[in-house]
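Survey of secondary and tertiary structure
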Amino acid sequence: MTGGHLQIVVCGAGPAADVTQLLAAAKERAWTAAVTATPSARDFIDPQVIEAMTGYPARFTYQSSTSTRRILPAADALVIAPATYNSVNKIALGIADNYAMTSVAELIGRRIPTVIVPFVNSALAARAPFRRAVADLRHEQVRVLLGADDEWEPHPPGSGRDQQQAFPWEAAFGVAERLARNGPASGGGS
Ligand SMILES: Cc1cc2nc3c(=O)[nH]c(=O)nc-3n(C[C@H](O)[C@H](O)[C@H](O)COP(=O)(O)O)c2cc1C
């Protein structure tokens, strides 16, 4: 019996290489998972490892690998992590200029419980467009893990490599699982 199906979207930032930690957390709780990556994230992840852990090829475009094409289960939750400055801004604006952004736009529109974990430095996080994007997404009931309450803060510019070790993969899965089980009100503060 499975706990649910987790759709994961990874963007082009260092922690993308560690998405295996999110896959392991989901597996531990008997969830299935599949990974879609933005075009920029292609350089950060190992598609073979992801396919071995999930049973599904990592998706980058509208076309999945013809040899391994499989219908994905319906998503019970969506985790976008690491979410770049670029993608957070695009998601908030509804921009769908690649497969990952298109699927995110649709899943949020279908009210699939969604958790976004940005990985941005404090200079990018201070920009007005980013702050507006986070506020708009929260207004749309998307759970953005960022700030003191979430114990996940933007890092000083140049320190991303250190911060990568602390990326809150397990917390992201825990929030997604709670949202899927109980609805948005249970996911903690927005
Ligand atoms: C080595 C490397 C590390 C990067 N780290 C980050 C990061 O931590 N956060 C971020 O927002 N962008 C980071 N970027 C920049 C993004 O990859 C870039 O903005 C890209 O356009 C994001 O595309 P995406 O949002 O479609 O994945 C990094 C780029 C490179 C090459």
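Residues numbered from 1 in each chain as written. Predicted model: local features only at pLDDT ≥ 70, side-chain atom pairs only at ≥ 80, totals over all residues.

Looking at an unreviewed UniProt entry, one finds the protein chain named Flavoprotein and attributed to Micromonospora rhizosphaerae.

1. Here's the deal with the packing of helix α1 (residues 19-28) against helix α8 (residues 169-182)
We count it as follows: Between N-to-C directions, angles cover 0 to 180 degrees, with each direction set by a line fitted to C-alpha atoms, over the stretch in contact for helices. In DSSP terms, a helix is any run of H or I states spanning at least four residues, a strand is any run of E spanning at least two, and both are numbered starting from the N terminus. When an angle is under 35 degrees it counts as roughly parallel; over 145 it counts as roughly antiparallel; between 65 and 115 it counts as roughly perpendicular; any other value is oblique. Crossings are classed by handedness, with left-handed meaning an anticlockwise turn of the near helix from the far one by less than a right angle and right-handed meaning a clockwise turn. Working definition of a contact: two residues with C-beta atoms, positioned from the backbone, lying within 7 Å. Amino acids outside the nonpolar list (Ala, Val, Leu, Ile, Met, Phe, Trp, Tyr, Cys, Pro) and the charged list (Asp, Glu, Lys, Arg) are all regarded as polar, and Gly is one of them.
In the contact formed by α1 and α8, the axes pass within 9 Å of each other and the chain directions differ by 45°. Considering the angle they form, α1 stands oblique to α8. Both α1 and α8 take part in a crossing whose hand is right-handed. Residues Q21, L22, A25 and A26 of α1 form the contact with α8, whose own contacting residues are W169, E170, A172 and F173. Across the contact of α1 with α8, the residue classes tally to six nonpolar, one polar and one charged.

2. A short note on the site of the ligand
Heads up, the rule is: All residues are tested the same way: a C-beta atom is placed from the backbone, and lying within 6 Å of a molecule or strand makes the residue near it.
Around the ligand sit 14 residues, and of these C11, G12, A13, T38 and T84 come closest. Here the shell around the ligand gets three residues from one element, more than from any other, and that element is helix α3 (residues 85-93). Taken together, the residues that form the shell around the ligand break down as six nonpolar, eight polar and no charged.

3. Overview of unusual backbone geometry
Our working rule: Exposure criterion: with C-beta atoms placed from backbone coordinates, a residue whose C-beta has 20 or more other C-beta atoms within 10 Å is buried, one with 12 or fewer is exposed, and one in between is partly exposed.
A cis geometry characterises the amide bond from A81 onward to P82, with omega recorded as -10°. Within the fold, P82 resides in strand β3 (residues 77-83). Positioned with a positive phi, A30 is a non-glycine residue whose angle comes to about 65°. Locating A30 in the fold gives a position in the loop between α1 and β2 (31-37). A residue is classified by how many C-beta atoms lie within 10 Å of it, and A30, with 10 of them, is exposed.

4. Regarding the nonpolar core
Convention followed: Each nonpolar core consists of buried Ala, Val, Leu, Ile, Met, Phe, Trp, Tyr and Cys residues. Their C-beta atoms, within 7 Å, join them into a set.
Residues I8, V10, L22, V79, I116, A172 and A176 are the most contacted members of the largest nonpolar core, which totals 60 residues. Considering each element in turn, this core owes the most residues, seven residues, to α8. Residues contacting A172, with those up to four places away along its chain left out, are L22, V79, A81, V115, V117 and L145.

5. Digging into the packing of α3 against helix α6 (residues 128-139)
At a minimum axis separation of 9 Å, α3 and α6 run at an interaxial angle of 50°. With respect to their mutual orientation, α3 and α6 come out oblique. As α3 runs across α6, the sense of the crossing is left-handed. In this structure, α3 uses Y85, V88, N89, I91 and A92 to contact α6, whose residues at the interface are P129, F130, A133, V134, D136 and L137. Among the residues making up the contact of α3 with α6, the classes are represented as nine nonpolar, one polar and one charged.

6. Some remarks on the sheet that holds β3
The strands making up a sheet associate through hydrogen bonds between their backbones, and the pairing can be parallel or antiparallel. Let me state the cut-off plainly: Whether two strands pair comes down to DSSP finding at least two bridges between them.
Taken in spatial order, the five strands line up as β2-β1-β3-β4-β5 in an open sheet, and their pairing is parallel. Across the chains shown, the open sheet's two edge strands, defined by having one partner strand only, are β2 and β5 (143-144). Docked against the sheet, helix α4 (residues 99-109) engages β1 (4-10), β2, β3 and β4 (114-118), running at close to 130° with respect to β2.

7. Regarding α1
Let me state the cut-off plainly: Directions pointing from the helix axis toward each C-beta atom define the arc.
Here α1 has its buried residues at V19, L22, L23, A25 and A26. When α1 is viewed along its axis, its buried side chains cluster within an angular range of 160° and face the same direction. Lining the buried residues of α1 we find β1, β2, α2 (47-54), β3 and α8. Directly after α1, the chain includes A30, whose backbone phi takes a positive value near 65°.

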